[in-house]
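Breakdown of the fold
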Amino acid sequence: MFKFLKKKDSNLLEIKYNMSSGIPFKWEWEVEDQTICNLVKCTSHGERAKEPICGGKVETTYFFQGFKPGTTKIIFKCINIADNYLSKIDEYTVTVEKNLKIKLVSKEEKRIQ
């Protein structure tokens, strides 16, 4: 479900997730300290086909921007839409430098059973 981070603009951090459109899960996110960085844009793209296929892959890209120097966590939670069951948590530790460049420090994945 997780696709590795890409770095195109050093002032933005991209986090991408792939999911099947047919499963009842969604990703929710939060930033521990929103004064350091926050989500500034989110885009979704599905498979392009003449006839849409139920269960086709959907890629969602989240763009985070740094606002002031510091370190914080971006937390993504994979939640079942039908019963709000939490199945996975991804925690990204990020640092924003003085020049507002945002960098990934580490990523921790937690599976919930």
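Preceding this section is the structure that the text describes.
So, here's what we can say about the structure.

The rules behind these values
- Residues numbered from 1 in each chain as written.
- Predicted model: local features only at pLDDT ≥ 70, side-chain atom pairs only at ≥ 80, totals over all residues.
- Heavy atoms only, no water.
- Pairing = 2+ DSSP bridges.
- Helix = DSSP H or I, 4+ residues; strand = E, 2+ residues; numbered from the N terminus.
- Axes fitted to C-alpha atoms, helices over the stretch in contact; angles between N-to-C directions.
- Core = buried A, V, L, I, M, F, W, Y, C linked by side-chain atoms within 4.5 Å.
- Buried < 20%, exposed > 50% of the residue type's maximum accessible area, 1.4 Å probe, protein only.
- Contact = heavy atoms within 4.5 Å.
- Polar contact = N/O pair within 3.5 Å; in protein donor to acceptor, adjacent residues only side chain to side chain.

As a further point, take the sheet that holds strand β6 (residues 70–80). Hydrogen bonds between backbone atoms are what pair the strands of a sheet, whose relative direction is either parallel or antiparallel. One open sheet accounts for 4 strands, arranged β3-β6-β7-β8; its pairing is antiparallel. For this open sheet the edge positions go to β3 (25–31) and β8 (102–111), each flanked by a neighbour on one side alone. Averaged over all neighbouring strand pairs, the angle between strand axes comes to 20°, with direction disregarded. The pairing of strand β7 (residues 86–96) with β8 spans 9 bridges and is classified as antiparallel. Looking across to β8, one finds that valine 96 is bridged to isoleucine 102.

Ile15, Phe64, Ile74 and Phe76 are the most contacted members of the largest nonpolar core, which has 17 residues in total. Those elements that place two or more of their residues in this core are β2 (12–20), β3, β5 (57–66), β6 and β7. The element contributing the most residues to this core is β2, with 4 residues.

Locating lysine 110 in the fold gives a position in strand β8. Taking the C-alpha atoms as reference points, lysine 110 and lysine 77, separated by 33 residues in sequence, lie 9.6 Å from one another. In contact with lysine 110, other than residues within four places in its own chain, are Ser87, Lys88, Ile89 and Glu91. Polar contacts involving the side chain of lysine 110 include one to the side chain of glutamate 91, which spans 3.2 Å.

With that settled, the discussion passes to the side chain of lysine 88. With respect to the secondary-structure elements, lysine 88 resides in strand β7. Using a relative accessible area of 3% as the deciding quantity, one classes lysine 88 as buried.

That is the geometry; function is a separate question.
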